[in-house]
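Reading the structure
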Amino acid sequence: MAKISAEVRNYFKLDLLLRHSFNPVRQIFLNRFPQFNGGQLWNDTNICGQNYVTNILKKNKKINLTPTQRIPVENGQSSEWDLSTLTNILLFSTRPTTLSPIEIQQLDQDDKLLEQLKDIRNKLAHHGSKSVDNTEFNQLWTDLKTILVALGVVDTEIDKLKDDSIFDPSSQVINEDNVKEALRLNSLATQAHKDGQYSEAITFFTKATVLSGVANSDRAVFFSNMASSRLALYEQQVDVKERFEVLNSMDERYRALKDAKQARNLWNSWWKGHFRVGKVYAVLNEHEKAINSFERALALDPTNNEIKIELDKSRSVYMRQLCYDHLNPEMRPMMMSERLTEMQQRFGTSLEELLIPLHFIEQIDPAVADLTQGHRYEHGDVSIKQDYEVAARYFAKAASQNNAEGLYNLARLTDFGLGVKKDPCLAQKLYEQAARQPPMYPKLKTFRNPGVAAAEHALALRYANGIVVHKNLQEAVYWYERAVANEHAPSANNLGIIYNEGIGVEKNLDKAETLFEMAAKNGCANAMQSLAKMLLDSNELPMAKIWFNRACEAGNIYTEIERITFEKLLQEKQQEIDRNSISIIKRSEVKTEQTHAFDYDILSEHAKRGSITARKMCDAREHFQKAISIIQKIESLTEDEENIFIHELSLCFRIECIITQFPTTKIRQKTEEIVDRVLHRCSTNNKSIDATSKLDEDVRICYAVLHMESLTEIVQFLALCQQKYPKSIYLFQLNAIANCSLRQYETVLYSINNGLDIEPNNYELLYHRAVALRFVGNDMKETIKAYETFLVNAPKDHRKVPEAYYAMANCYFVQEKRQDITNNVKKTFQQGIEAEKGQLPCFLPYKSTSKNFLEQILNENASFQNVKSSTSDNNNKSRLRDPNRISTIVEQRRWQNTLLYGEKRHSASAIVYTSREARISQRSAKSLIGLKPITIREMNPIKDHVYDKYVLSVTIIGRAYSWEPSIHLIIEDEHLDCIKICIYGFPNDDGGSLVSQRFRIGAKMNIINPYLRIPPSDRIPIVRVDDFLSIIMQNESEYIINMCRCCGKENASQVCSLCKQAFYCSKECQTIDWKLYEHKLICRKE
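Per an unreviewed UniProt entry, the chain goes by MYND-type domain-containing protein and derives from Adineta steineri.

This is the structure in structure tokens:
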């Protein structure tokens, strides 16, 4: 153990202490079994185990055991179960209805301890580095000790395990003769293994393990070797097709696992014992457990390359399992001819038309021909036999020309050893080289560069899972964000998962939903399912059902498996809404703040007008910029410079922490390193208390804010901070936020009341007090009064003012027994709507689950129409930063730019473009009578389809510059979703007048039987109109005069000084249109 770091020792001490909980937890099971099973005793027999599995476990769907956990349960030997099995069974067993109150109380107390034990066990199991610093160690040790003492373990026994002497060889009586015999048997067994005589090797190893008087370290070696022989015997005996079948106790893999665990237990500080356990779990396809064991082995021997290789393998497999790639039809290998046939069927085009772009690109870029051949040989094709080696040669040829797709495909084959030598490190370099290529295709700059986003996605996966590189979630997020910027759907889905679960980042449900929607609209079935679940949670049931059905239609098997469960949840949610139950609200004040885009100029302008909130945000941003500039300008900071940095950063956090948006992951990482360093310096500094206290308080605040995603640990940390700085109001605010997120509302109230004793009018504390009271739910009158107190003290444009009104309306609804939608509910809801109008632009769109619930209730009571109209202005402004909207408008303007400024083009109207015939014929109708309304979001963005007997009502928000062979416009529906439309079928001579007089910006029209077309070139959905008669323009009185080019308001008074065509209602809208929507692309004098 001499070469092993103190931090790694700490980890294994905790692991050893955790294992001491097994016996008392097992005793709880033995005590409970007769209590739950009519007095029958557990007797550790085969019959007892089999009856338990048949009569109890198979009927209890909550208890999920792996095959390796189920076998010892079936055998009845509870002493062979692991801690995870015991806690799983104890926590999820169905309690009998005959229990007395005293018995229930005792069960509750025990279950609370088991939950705490389970949390610590999971924390250690998923601790990637398997090293624990002294601060974390002392905290975990105290927590574990408290649990064990409560379970009946003697504390003096526990204290012995804290000493390093536990890693020394145990005192044993050694029998030298038996040692010699054991070594002889081990030598014979090793030779038998080399000769392929695995059964004989196992016999020799077994004889060696049973000899008494042999050191535990030697016996560990024998058991480890025997596990290796059992795996080799399994490989020798079992046909490949029969692997991963249901296990039994005679399966050599299961027996190998028992031997490997015995080796690990006999010599816990030996890397190979943990390594052997990992190898067995990998063979069993339990790669999460394999990763845990390999990580332990690597912590004990950090330079061992053998461990690193196996760890990378398991992480790679586990990563693919988590993504359900094996169930995704999009991921299945296909010959090029099969892929082309599928595209023909999907997009309704001929083979010749599909190949035209390919042949064109091959002419201007020779590397593309090599790529085509590489794909044909990788998967096989008509008259071409699959050959990975030839495929790799073609990809390498394309890669030598710095072709991004060639580099990516060569990296992929190198990563898996297909056709070339397996070399994950070389694959990493190739992925990085591919990701460095320009995002737009060099030869055709209006098209994405194939391979760049895929390489960025591959790098993100590697950093997220620690494959070849050190696991780094911040770096993974960086690469995912780059890939998302390049419109890579799988990256958007994975990044959505990260923000949805708060993995390595601050949890952000709004950002997660935006990412899932982006990925779903680009055809990612996993994202469709995730989006459906988020919509279900926020009670948007119709769209939740639509997206889940789309996921099933996309062919993802896992989604189809989940269908019954999802439909049951959907039905239950609908029933709860029908009963007007407020308990359905899942996303409320306790959800994490959504990420906002902060424009300093806009904030400054609002601050000059007297906005207190904007002034605070500007002040906070200035302090943040000062702090960031210090670490950007200076590579290595002195202690004084670090102190200034901490002071500025803490001032920012105290004033308004949501303003902090680190420019890069490296800047954030450097910030965390400085904070950790200063915190350590303060904790060990023996200088004067006054000089240290201010810096110490500042750095503690910085540490808490930066690590707020680790809620449980931060709550404990803040408790210690408040003991040291009992008058620090901001520590009370942080404590309230953290405990609210953990739903520990009683604790929130206790802490906030103490804080309000110091500063009674602190509106941040007042708000969190109201939230806590609401969720405690004892007195709605008191809760309403608490929100009113917050509203009296808070600035009118504070971002929580509308939410406070919506929460009060919900409280009125609950207080008045949900019997009627009272005036109090309507009035307070209307106040929330009005309060939204006073919000800063950066806080729009204003999202609130409390508001969503009230809208549903008000809708159902036919009382909402008058109120709803007043929200349109806010919604109209709020959707401006939606990524899908930005992408749609910018892509259209880029295309229009090629018309207006393309080489040798003097008249846009004279340009002729070719177009494919419609795949599906669109029928027109004589009138709108009998047609059902449909919106853009209700049309499947990945399915080529005519929506017969429907009508789409839209407003034109983007003008056309050409009409041959079709008129291209941007339209927007009632939900403010926008899409491109291509109109055909009009007389050519009328094109000019139609564009200038009929299809104007601000005009409204109805499209009968709309056809959502998925073009095979870019797969970006458009609305296609082939029958000109299917368009019915709305009355001229509906026309929006001088419509703001950005937000859509009528009678916009400002106009672009260059083109004189674009109207704007404000300078803010003009700035957004110029910066986000790239108005310069179409800005020209006419």
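Picking up after the structure, the text goes on.
**Quick word on the pairing of strand β8 (residues 1022-1025)**
Each regular strand carries side chains that alternate between the two faces of the sheet. Because side chains alternate across β8, one face comprises the buried residues I1022 and R1024, and the other comprises V1023 and V1025, equally buried. In terms of strand pairing, strand β5 (residues 978-983) meets β8 through four bridges, oriented parallel. In the sheet register, K980 faces β8, and the bridge partner there is I1022. Pairing of strand β7 (residues 1011-1013) with β8, which is carried by three bridges, proceeds in the antiparallel orientation. What sits directly across from Y1011, in β8, is R1024.

**Observations regarding the pairing of strand β3 (residues 950-958)**
With seven of nine residues buried, β3 is to be regarded as a mostly interior element. Bridge count between strand β1 (residues 932-934) and β3: three bridges; the pairing is parallel. Counterpart to P933 in the pairing with β3 is V951. Bridging between β3 and strand β6 (residues 1004-1008) involves five bridges; their strand directions are antiparallel. Paired with S953 across the bridge in β6 is N1006. Looking at chain direction, β3 and strand β4 (residues 967-972) are connected through three bridges and run antiparallel. Opposite G958, over in β4, you have I970 as the bridge partner.

**Describing the UniProt feature "domain: MYND-type" (unreviewed entry) in the chain**
The UniProt entry lists residues 1044-1083 under the feature "domain: MYND-type" (unreviewed entry), expressed in the numbering used here. Within residues 1044-1083, the helical portion is 22% and the strand portion 10%, while the C-alpha atoms at the span's ends are 15 Å from each other.

**Details of the packing of aromatic side chains**
Tallying each qualifying case throughout the model produces 25 aromatic pairs. Ring geometry for F275 and F294: centres 5.6 Å apart, planes at 50°, overall tilted. Here F275, found in helix α13 (residues 271-283), pairs with F294, found in helix α14 (residues 287-300); they are 19 residues apart in sequence, far enough to count as distant. Look at F275 and you get buried, because its relative accessible area is 2%. The buried category is assigned to F294, whose relative accessible area is 0%.

**Considering the UniProt feature "repeat: TPR" (unreviewed entry) in the chain**
The feature "repeat: TPR" (unreviewed entry), as given by UniProt, occupies residues 271-304 in the numbering adopted here. Along residues 271-304 the backbone is 79% helical and 0% strand, and the end-to-end C-alpha distance reaches 10 Å.

**Re the confidence of the model for the chain**
Here the chain averages 83 in pLDDT, and 87% of its residues register 70 or above. Of all helices and strands in the chain, the one with the weakest mean pLDDT is helix α43 (residues 865-868) (44), whereas helix α9 (residues 176-194) scores best (95). Counted against residues more than four places away or in other chains, residues 688-692, with its pLDDT under 50, gives three contacts. Here residues 862-872 scores under 50 on pLDDT; set against residues more than four positions off or in separate chains, the count is 14 contacts.

**Observations regarding empty space enclosed by the protein**
All told, the structure shown has seven cavities of 30 Å³ or more when counted by the stated rule. The volume enclosed by the second largest cavity comes to roughly 140 Å³. Every element with two or more residues in the lining of the second largest cavity is listed here: α45 (883-901) and β3. Looking at the lining of the second largest cavity element by element, the count peaks at five residues for α45. A class-by-class count of the residues in the lining of the second largest cavity yields seven nonpolar, three polar and five charged.

**Things to note about helix α24 (residues 489-501)**
For α24, built from 13 residues, the straight-helix expectation of 18 Å at 1.5 Å per residue is met to within 8% by its first-to-last C-alpha distance of 18 Å. Those residues of α24 not exposed but buried are A489, S491, A492, N493, N494, L495, G496, I498 and Y499. Remark: G502 follows α24 within two positions and exhibits a positive phi of approximately 65°.

**Some thoughts on the layout of surface pockets**
As a volume, the second largest pocket reaches approximately 650 Å³. Lining of the second largest pocket is provided by 25 residues; of these, I166, F167, D168, L266 and W267 occupy positions nearest its centre. Counting only elements with at least two residues in the lining of the second largest pocket, the list comes to α1 (6-19), α11 (216-237) and α12 (252-266). The greatest single-element share of the lining of the second largest pocket, amounting to three residues, is contributed by α1.

**What about unusual backbone geometry?**
If you check the backbone angles, V468 has positive phi at about 75° while not being a glycine. With respect to the helices and strands, the residue V468 is situated in the loop between α22 (452-465) and α23 (473-485). On the basis of relative accessible area, V468 is assigned to the partly exposed category, the value being 28%. Notably, K1060 is not glycine yet its phi reads approximately 60°, a positive angle. Looking at where K1060 falls in the secondary structure, it is placed in the loop between β10 (1054-1055) and β11 (1063-1064). According to the relative accessible area criterion, K1060 is exposed, its value standing at 53%.

Scoring rules and cut-offs
- Residues numbered from 1 in each chain as written.
- Predicted model: local features only at pLDDT ≥ 70, side-chain atom pairs only at ≥ 80, totals over all residues.
- Heavy atoms only, no water.
- Buried < 20%, exposed > 50% of the residue type's maximum accessible area, 1.4 Å probe, protein only.
- Helix = DSSP H or I, 4+ residues; strand = E, 2+ residues; numbered from the N terminus.
- Pairing = 2+ DSSP bridges.
- UniProt positions renumbered as here; feature names shortened; annotations may be inferred.
- Phe/Tyr/Trp six-rings, centres within 6.5 Å; stacked < 30°, edge-to-face > 60°.
- pLDDT = per-residue confidence, 0-100.
- Contact = heavy atoms within 4.5 Å.
- 1 Å grid on protein atoms, 1.4 Å probe; cavity = no way out; pocket = protein on both sides within 12 Å on 5 of 7 lines; lining within 4 Å.
- Points joined across faces, edges and corners; volume = space filled by probe spheres on them.
- Nonpolar A, V, L, I, M, F, W, Y, C, P; charged D, E, K, R; others polar.
- Expected span 1.5 Å × (residues − 1).

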